[in-house]
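Close look at the chain arrangement
What follows is each chain in one-letter form.
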Amino acid sequence: MNRRGAVLLAMLAAALILLPAVASNYVLSVATLILFFAYTGQAWNVMMGFAGQLSLGHSLYVGVAAYAAAGLFFHFGIGPWAGVWLAVLLCVVLGAAIGFLAFRFGISGVYFALLTIAFAEFTRIGFDHIDWLGGPGGLFIKVEQREHMDLLDLRGAPQMFYYVMLALTAGAFALCAWLLRSRAGYYWQAIREDEQAAQALGINTFRWKMLAMVLSSALTALAGVFFAFYYNNLFPEQIFHISRSIEIILGPVIGGVGTLFGPILGAAVLTILADSITELLAALGIEIPGVKQVFYGVVLLAVVMFLPHGIWPTLARKLGLEGRR
Amino acid sequence: MKAQRGTPSHVRRRVLKAAAASAALSTLGFPAIVRAQAGRLKVGVLLPRSGFQGLIGQSCQKGADLAPGVIKEMLGVDIELMNADTETNVDTARTRAERLIQEGAHVLVGPFDSGGAAAIAQVAEQRGVPFVINIAAAPQITEQGYKFVFRNFQTAPDIVRNGLALIGDLFQASNIAPRTAVFMHVNDTFGMAMAKGISAFMGRLTQLPFKIVDTIQYDPAARDLTVEVSKAKASNADFLLLVCRLNDAILLRREMVKQRWNPMGIVSPGSPGMYEEQYFKTLGKLSEYSISNVPWYNPRAELTKVVEKAFLKQNPKDKLVFNGLNVGFTFEAILVAADAFRRARSTDAKTLADAIRQTNITSKMMLGGPIKFNEKGQVEGIGSACVQNLNLTPTVVLPAAVATATPVFPWPYYKA
Amino acid sequence: MPIELVVNVVIAGVLTGLVYGLMALGLSVIFGVVRVVNFAHGEMMTIAMYATVVLFAALQLDPFLAVVPVAGLFFVFGTLLQAAVINPFITRPEHSQFMLLVAIAIIMVNGLLMVFGPDARNVQVDYQLESYAIGPILLDKARLYASAAAVAASAALFAFFKFTRAGKAIRACADNYLGAKVVGLNVKRYYALTFGLGSACVAVAGCMMILLVDVSPVLGPAYTLLAFVIVIVGGLGSMGGALLGGVLIGVSEALAGLFITPSAKSMFSFALLILVLLLRPQGLLGRKP
């Protein structure tokens, strides 16, 4: 990355770290939400950008991880730092299973997307019938007072959650940046550009694609654990719902699939956009339900139609950050 | 489409100007200068005005909108409403709650569904701002040890207990003792809580003479209920015990006609659906005689008449009876806030919360004992009524003391 | 379990399945030819249902008659949508296509919410609640007529594709894009035509569906998913496949509801989808890609 890019990145990092000191709780809650979607978008991006597979059922991993960690905490008092291992393990297994099925049976493109939707939906209805995890009535974790911070059990003030999410997002970003520059990154790029040629060169495309799938699901699992302890209640209808899967991919698609900054930018733009529209409509006195979402849909449509590679590539060019992916 | 009336425009403009000003100032957390206005209570109203529960949210909003006027008359207290749409989305509920507190809301009211209530409760508790829940049945919300969350609504177990007791009363009043029932219920948050409650209580309430011969659980979003109704019909039960929501109730009723199934009647031990306006509009005559045992307003109470007048003034084309539950509880939630404000004479959050804890409102609109919060922030003793659809209107038929008609059970379609 | 119960349930499953099949038909045609994943499919059907409601309210037009203007309208709308908006997206990656149609779907759903409000609407025709009784078997009239219409519509579509010039041209475009262009077919025009036809199909399905189900703005997404399940199971581009897939889903859901718990019946559709995707991705009646 060029000098300019490094400076901007440093400024952004500083701003993000200092935010809680100057921002209200409201802004913080919005920022945490943005980071959540930036993170999950980044995790999804791994599957899409590295393995080239469109997953429309990523809520599956968020949900399974959330329930795993929450279930352990609720029934056995096992904290999130231990519970996360089970969560990640389960998601790795799921990601591997789906990946294996997909690659073994040669399912890609739209069919793969539908496969992921089917898995998520199947799980959603399934969890509705698991009484041990609350069923449709939901799983409620006991909420402690927020005065004291308990990092071990992830109980605390919004500031704590903000920093946890920030750390996760920064970690994912760093990880992806590093991976892209490593040998793995080149393999993935090769596979994405021309899989047959890559195979001809002796790259075990199956192995690398599986790795991307598993990495993606594992990363998403962490978001799921965070979700469980941030919201403290889980309903299968909400967490496995297809609208959540769509929310996850909105960020990267708008920001720029396969890019490092795309998911973060996309998540920020979309959340701020949604909020701004609400404020704008309130200021104009328009209270007709549905107007906000129509606005939102129109903007989405415009971005998809006119900025096919997402906002980031265009923005990067404008900012003179050429050479960044 | 009918334009949204919402808050009177002069109030709205003032709210918006204040909101804009305070948003500008407080976005970065500068001390909320706005909060210092002690003469008026700012009530943040969080309701799902769009999204899946939009219809119900808008109904609740009507209750909120008429509140300032009625409360000014009753208590001489000034209330300013700050309306926010939760969009039937938990994330939005949370951020909207934060936003309202940001903009100086002294107390929060809402949000109709349990998921949203749980999210807002956490925000309210963390910020130390009182939150009065209008409608939400999940019992866990008042089991978290919160100090700032209050609920003036029955929990699912309460609804079930009252609902089943009323069924006993219904049979007594009609002089009939059906022996079997088929229990159909939606398998969402609400339905499952009800089902659990029913299996818990059925064992205990020994004066209920019937037993449940089959339990059929179905998806509230089901497009087609043929199988469910076929199974129910095949059970040959005397009557249908139903926990439903609006759309599936309509589908079910139609399917019963198509499959020519006429048990003694349809009785809900406590669920929405059959008393809602859509049910009547869509089914017409077929909506007659369905029974719902739900928390309801006392048709003979003083406050009810006052609220009804205000309701008709603001919504001339609508009827209170179709919005009774939603309007009533939303109004009462704001009433609780206003009453506490009157006694506390301050908008300080902690003072307000303490005042709310001391609430004891005896002149109220909804059935049941006085509005008094126990140590968990829950009101005990909220009553239910047996509401039967008669003459295309939900009519209170039990308890006899407040009834405006006598129950019809079994319904005329039944042939012994 | 009494045998009449099972028989009644299965028959109902078949009839309902045929109507679902009709809904999926449009999707199959669009996806089979244009290869665009129409994630706004259910929303389009919802709009058709509202159109039927409006026509009924204004002109007392029976849905079976309303089919003509509504389908015609949708044909035009679909053609225009394809030509103006979707065409440039055919060569774009799937996630872009998906996003495009999700955006369109969001606009449709909330546009409906703005115009009609959240209340459920329906039509009230006399035969809606009647049923024919043949011994212990009960045949729901509305469902019977609707499934008959579904079969008729499929037959018409089939005839179109088999016997007319345009139909054959469209099939050519689907089979071999390059070859079609080489032969001089205006592929873009035929794509637009196909999208129009698919939309008209979905419109007919909507007119039928309003007899069975009330319409509200949020109805769309569930039907989109259902349509996809049916199309994949039945086979892409196969009309018989769409109907067969519909019936299969209808019956399997009915039986699952009967023997296990009704609340889990959708699980079986998804399980079926997964199995088909893995074992026979071209679907039951589809041709190998």
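Our subject is the structure that appears above.
Residues numbered from 1 in each chain as written. Chains lettered and ligands numbered in written order. Predicted model: local features only at pLDDT ≥ 70, side-chain atom pairs only at ≥ 80, totals over all residues.

A closer look at the interface of chain A and chain B
Tallying the contact residues gives 33 residues for chain A and 33 residues for chain B. At the level of elements, α2 (25-51), α10 (236-239) and α12 (262-284) of chain A are the ones that each hand at least two residues to the side of chain A that touches chain B. Looking at the side of chain A that touches chain B, the element that brings in the most residues is α2 of chain A, giving 6 residues. Split by residue class, the side of chain A that touches chain B holds 17 nonpolar, 11 polar and 5 charged. (Contact = placed C-beta atoms within 7 Å. Helix = DSSP H or I, 4+ residues; strand = E, 2+ residues; numbered from the N terminus. Nonpolar A, V, L, I, M, F, W, Y, C, P; charged D, E, K, R; others polar.)

Side note on the sheet that holds strand β8 (residues 239-243) of chain B
Residue and element names in this part refer to chain B. Strand order in this open sheet of 7 strands is β7-β6-β8-β9-β10-β11-β12, and the pairing throughout is mixed. The sheet is open, and its two borders are formed by β7 (211-218) and β12 (393-398), each paired with just one other strand. Sheet twist, expressed as the mean angle between neighbouring strand axes with direction ignored, is 30°. As paired elements, β8 and strand β9 (residues 266-268) share 2 bridges and run parallel to each other. When the sheet's bridge partners are listed, L241 is paired in β9 with V267. With respect to the sheet, helix α5 (residues 156-174) is in contact with β9, β10 (291-295), β11 (384-390) and β12, its orientation differing from that of β11 by roughly 55°. (Pairing = 2+ DSSP bridges. Axes fitted to C-alpha atoms, helices over the stretch in contact; angles between N-to-C directions.)

Details of the packing of helix α3 (residues 59-76) of chain A against helix α9 (residues 205-231) of chain A
Residues and elements named next belong to chain A. At a minimum axis distance of 7 Å, the contact between α3 and α9 shows a crossing angle of 50°. As judged from the angle between their axes, α3 and α9 are oblique. For the pair α3 and α9, the sense of crossing is right-handed. Contacts from Y61, V62, G63, V64, A65, A66, A69 and A70 of α3 reach α9 at S217, T220, A221, A223, G224, V225, F227 and A228. (Parallel < 35°, antiparallel > 145°, perpendicular 65-115°, else oblique. Left-handed = near helix turned anticlockwise from the far one by under 90°.)

Here we look at the interface of chain C and chain A
Opposite the 31 residues of chain C that make contact, chain A presents 38 residues. Mapped onto the side of chain C that touches chain A, the elements with two or more residues apiece are α4 (94-116), α9 (220-234) and α11 (265-279) of chain C. Element by element, the count of residues in the side of chain C that touches chain A is highest for α4 of chain C, at 14 residues. Looking at the side of chain C that touches chain A residue by residue, the classes come out as 23 nonpolar, 6 polar and 2 charged.

Some remarks on the environment of N247 of chain B
Within the secondary structure layout, N247 of chain B lies in helix α8 (residues 246-258). Sequence separation of N247 of chain B and D85 of chain B is 162 residues, and the distance between their C-alpha atoms is 23 Å. Not counting chain neighbours up to four residues away, the residues in contact with N247 of chain B comprise A120 and D214 of chain C.

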